[in-house]
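So the chains spell out like this:
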Amino acid sequence: MTNINLVSEYKSFGGKVGFYSHLSSSCNGQMRFAVYQPPQAKTQAVPVLYFLSGLTSTEENFMVKAGAQRFAAEYNLMLVAPDTSPRNTGIAGEDDEWDFGTGAGFYVDATSQPWRSHYQMYSYVVSELPALINEHFPAQLNNQSIFGHSMGGHGAIVCALRNPNLYKSVSAFAPIVAPMRCPWGEKTLSRYLGDNKLSWAAYDACELVQKERYHSLILIDQGTDDQYLTEQLKPELFAQACAAVKQPLNLRYQEGYDHSYYFIATFIEDHIRHHALALSKS
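Conventions adopted
Residues numbered from 1 in each chain as written. Predicted model: local features only at pLDDT ≥ 70, side-chain atom pairs only at ≥ 80, totals over all residues. Heavy atoms only, no water. Bend = angle between axes of the 7 residues up to and from the residue. Helix = DSSP H or I, 4+ residues; strand = E, 2+ residues; numbered from the N terminus. Buried < 20%, exposed > 50% of the residue type's maximum accessible area, 1.4 Å probe, protein only. Contact = heavy atoms within 4.5 Å. Pairing = 2+ DSSP bridges. Axes fitted to C-alpha atoms, helices over the stretch in contact; angles between N-to-C directions. Core = buried A, V, L, I, M, F, W, Y, C linked by side-chain atoms within 4.5 Å. Salt bridge = Lys/Arg side-chain N within 4 Å of Asp/Glu carboxyl O.

Engineer: What is the right way to read helix α3 (residues 121–136) from this model?
Structural biologist: An α-helix turns once every 3.6 residues. As a result, residues three or four positions apart point the same way. The largest bend along α3 measures about 35° and falls at Glu128, with the proline Pro130 one to four residues further on. Along α3, the residues that are buried comprise Met121, Tyr122, Tyr124, Val125, Val126, Glu128, Leu129, Pro130, Leu132 and Ile133. Elements that come into contact with the buried residues of α3 comprise β2 (15–24), β3 (29–37), β4 (46–52), β5 (78–82), β6 (139–149) and α4 (151–162).

See the structure below:
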């Protein structure tokens, strides 16, 4: 039995939101996550939908800002949102930059020192956290999906493409889809993984989709007024990669929307419905 600690809990749309901490074997330290259990979870196991947040976020942002609990209750889904990185590891410089280190785990398994001792977010999201959820919550085994925002959209698509058997569906808001070809990605991948760019490809959606075609449609929403659209996000590159291998993709450009949670909250029901349809088939 792996111990988890309940930090706080709140009633929401007939269910409850809980914030938890635990000692992570993957990340070699304390990690935090949030869980929304819909009303149905009081009497039965329910499907699980994981949300990966973006740079500087914690396990709280999505639960507080996205307005997702209402729709999770309607569609009978458990929501799980992990923190975006290990924290307080003692690694020198981990708090020096807003887009690297603390709050910026990038959902990779670091191989370079000193980051490899704690920054194992890919393994945490794909393996350790689901095992913890299945152990402590009324979750339906092997019935899960994943989505995310920005850095978390990158993480969600990468996790799904690399593990199509684990996730029934995937979607993203304004994801980083070509980290090998954008400043955020080049910075983080070089530091976490080293200079060998062949290793970077394992965390690049544009590279992965050419080798790991996903079994169902990928949904992406992207705001046209997103300040990171041209330099960092580059959704057109993923659209081209998907078209080349005939990967089903619904890339929706939303006129006038930016990179914020106002954008996410506007289209969150569409995404939860997308996942609910896939999860209900199991």
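Engineer: Sorry if this is basic, but what is going on with the sheet that holds β2 here?
Structural biologist: The nine strands lie next to each other as β1-β2-β3-β5-β4-β6-β7-β8-β9, forming an open sheet whose pairing is mixed. Either end of the sheet is taken by a strand with one partner, and the two such strands are β1 (5–12) and β9 (249–254). Each strand of the sheet is rotated relative to its neighbour by a mean of 20°, with strand direction disregarded. One ladder, built from four bridges, connects β6 with strand β7 (residues 170–173); its direction is parallel. Looking at β7, one finds that Ile146 is bridged to Val170. Packed onto the sheet, helix α9 (residues 235–245) meets β8 (218–223) and β9 and runs at close to 155° relative to β9.

Engineer: Quick question: what am I supposed to make of the nonpolar core here?
Structural biologist: Burial of nonpolar side chains together is a common tendency in soluble globular proteins. Phe33, Phe62, Ile133, Ile146 and Phe238 are the most contacted members of the largest nonpolar core, which has 95 residues in total. With residues up to four places along the chain from it excluded, the contact list for Ile146 reads Leu49, Tyr50, Leu52, Val125, Ala156, Cys159, Ala160, Tyr167, Ser169, Val170, Ser171 and His275.

Engineer: I tried to follow the pattern of salt bridges on my own but got confused; where do I start?
Structural biologist: Pairing of side chains with opposite charge becomes possible as their charged atoms draw close. Tallied over the entire structure, the rule returns eleven salt bridges. Ionic pairing is found between Arg87 and Asp83, a salt bridge with its closest N-O pair at 2.6 Å. Glu97 is the partner of Arg191 in a salt bridge, and the nearest nitrogen-oxygen pair spans 2.6 Å. Of this pair, Arg191 sits in helix α5 (residues 183–193) while Glu97 sits in the loop between β5 and α3; the two residues are 94 residues apart in sequence, bridging distant segments of the chain. Under the relative-accessibility criterion, Glu97 is labelled partly exposed at 27%. Several salt bridges converge on common partners, so that one network encompasses Asp221, Arg252, Glu269, Asp270 and Arg273.

Engineer: Help me out: how do you make sense of unusual backbone geometry in this one?
Structural biologist: Note on backbone geometry: most residues besides glycine have negative phi, and most peptide bonds are trans. Following Gln113, the chain continues into Pro114 via a peptide bond in cis, with omega recorded as 0°. Along the chain, Pro114 turns up in the loop between β5 and α3. Although it is not a glycine, Thr56 adopts a positive phi angle of roughly 75°. By the secondary structure assignment, Thr56 is in the loop between β4 and α1 (61–65). Although it is not a glycine, Asn88 sits at a positive phi angle of roughly 55°.

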